[in-house]
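Working through the structure, step by step
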Amino acid sequence: MKGALIGCGFFARNQLHAWRDIDGVEIVAICDRDAGRLNEAGDQFGIERRYSDANAMFADGGFDFVDIATTAPSHRPLVEAAAKAGVHIICQKPFAENMADARAMVAAAEAAGKVLMVHENFRWQSAVRAAIDALRSGAIGTPFFGRVSFRSGYDVYAGQPYLAEGKRFIIEDLGIHILDIARALFGEVSAITASTKRVNPKINGEDVATMLLAHQGGVTSVVDCSYATKRDPETFPQTLLEIDGTQGTLRLDVGYRLTIQAGGKSETRDVAPPVLPWAERPWHNIQESVAIIQQHFVDCLRKGRVPETSGADNLNTFALVEAAYLSAAEGRTVKLEEL
Ligand code: NAD
Ligand code: 89Y
């Protein structure tokens, strides 16, 4: 299976490492408008075909899928070009800049008969996945309350300076993953109430968001995110979980410790992710999930299955982002059917 990658920036390095480790997959071409980044990635990963223009790369072809690792403004034109070129697609989050673009991208891939997966990797983190599996196996009965929490003071702006510049920040960039985990755990959402705040005066968007979700299946969850939390231990990039069910409780605590209490017993497991050979702490958690989601994409293509985080699935996560901003702006609960 041959692939091409567009966007050789901060995060793409992880994706290129992960592709190199997947059996039977080769990245044969890369593209970036920035010549320095393009050549650095090409030299590091030994990729000869290099393009500054994605359309020229699509015209030359010779690959089965494209991995779009650019930021959101370029996603729609690149996904549409990929669909036109007849290749399968992985696209980074945030999937789009608005719902209309997101829906158009899903429609373009469907019309071309190609697989479109969003690189929504947090639900694939091994610690989070251990919690999802335990919950789905009925370990604590039927859940009725959940808290999905990400609070940190880590300097994300150093590696990703654009995060400090946008009008929107934490919900669109990070909350999107945490909302997606809430969906993976508790199902679709009927209504959301959100409040946001900017604590760091040096950025333009919000760096704190607290969201209350009413899930269709009856769970109430709190999704809280902060990049203004100065605390020891610094837990970046761990997502913490508190889930109460009819038969017990599940907690994913700091240090990747998963505790399940049910039937009078308490079991604590270490679900820490491995540090892959090319990974480094504290990013190893995210980096491992990149390898897992890319393997999932390849497995789905080989078996003719729809990826768990397909473009169509991600419309519901992206709708939560839009609904959260609307709720915070208008100071009201937003029903998802409004979007
Ligand atoms: P970046 O700005 O460092 O890199 C993006 C690169 O894309 C740049 O080098 C830019 O020149 C190139 N580019 C943009 N538009 C292009 C176009 N039309 N054609 C060719 N090249 C183009 O950004 P980043 O920090 O690497 O983030 C990329 C995406 O990855 C973002 O959407 C971000 O949210 C996402 N991200 C995801 C995770 C995750 O865990 N899933 C983590 C970090 C970042
Ligand atoms: O861009 C973000 C992401 O997707 O994961 C963490 C991050 O790099 C900073 O918030």
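Structure's up top.
Presented here is a report on the structure given in the accompanying data block. (Residues numbered from 1 in each chain as written. Chains lettered and ligands numbered in written order. Predicted model: local features only at pLDDT ≥ 70, side-chain atom pairs only at ≥ 80, totals over all residues. Heavy atoms only, no water.)

**Overview of the packing of aromatic side chains**
Evaluated as defined, the whole model comprises 12 aromatic pairs. The interplanar angle of 70° and the centroid separation of 5.6 Å between the aromatic rings of Phe10 and Trp283 together place this pair among those described as edge-to-face. Residue Phe10 is located in the loop between strand S1 (2-6) and helix H1 (12-21), and its partner Trp283 is located in the loop between strand S14 (265-270) and helix H8 (284-303); the two are separated by 273 residues in the primary sequence. Between Tyr227 and Phe236 the ring centres are 6.4 Å apart and the planes differ by 40°, which places this aromatic pair in the tilted class. Take Phe236: its relative accessible area is 5%, and that puts it in the buried class. An aromatic cluster of at least three residues, connected via ring pairs, comprises Phe10, Phe150, Tyr154, Tyr157, Phe169, Tyr227, Phe236 and Trp283. (Phe/Tyr/Trp six-rings, centres within 6.5 Å; stacked < 30°, edge-to-face > 60°. Helix = DSSP H or I, 4+ residues; strand = E, 2+ residues; numbered from the N terminus. Buried < 20%, exposed > 50% of the residue type's maximum accessible area, 1.4 Å probe, protein only.)

**What to know about the environment of Phe236**
In this structure, Phe236 sits in the loop between strand S10 (220-226) and strand S11 (240-245). Sequence separation of Phe236 and Ala262 is 26 residues, and the distance between their C-alpha atoms is 29 Å. If we ignore the near neighbours within four places in the chain, the residues touching Phe236 are Phe150, Ser152, Tyr154, Val156, Tyr227, Pro282 and Trp283. (Contact = heavy atoms within 4.5 Å.)

**Describing the nonpolar core**
Residues Val66, Ile192 and Met211 are the most contacted members of the largest nonpolar core, which totals 95 residues. By residue number, the principal contributor to this core is helix H7 (residues 170-186), which donates 11 residues. (Core = buried A, V, L, I, M, F, W, Y, C linked by side-chain atoms within 4.5 Å.)

**Section: the site of ligand 1**
Neighbouring residues of ligand 1: 24 residues in total, closest Phe11, Asp32, Lys93, Asn121 and Tyr162. In this structure, an oxygen atom belonging to ligand 1 sits 2.7 Å away from a side-chain N or O atom of Tyr162. In isolation ligand 1 exposes 850 Å². Once the protein is present, 90% of that is buried. For the shell around ligand 1, a count of residues per class yields nine nonpolar, 10 polar and five charged. (Near = heavy atom within 4 Å. Polar contact = N/O pair within 3.5 Å; in protein donor to acceptor, adjacent residues only side chain to side chain. Areas by Shrake-Rupley, 256 points an atom, 1.4 Å probe, with all protein chains shown as cover. Nonpolar A, V, L, I, M, F, W, Y, C, P; charged D, E, K, R; others polar.)

**Quick notes on the sheet that holds strand S4 (residues 65-68)**
Taking strand neighbours across the sheet as the criterion, the six strands line up as S3-S2-S1-S4-S5-S6 in an open arrangement whose pairing is parallel. Edge positions in the sheet fall to strand S3 (49-51) and strand S6 (116-119), since each has one partner strand and no second. Neighbour to neighbour, the strand axes of the sheet diverge by 20° on average, direction disregarded. Where S1 meets strand S2 (residues 26-31), five bridges bridge the pair, whose relative direction is parallel. Bridged to Ile6 within S2 is Cys31. Of the strands in this sheet, S2 and S3 are in contact with helix H2 (residues 35-45), which crosses S3 at around 165°. The strands touched by H8 are S4, strand S5 (88-92) and S6; relative to S6, the strand with the most contacts, the crossing angle is about 175°. (Pairing = 2+ DSSP bridges. Axes fitted to C-alpha atoms, helices over the stretch in contact; angles between N-to-C directions.)

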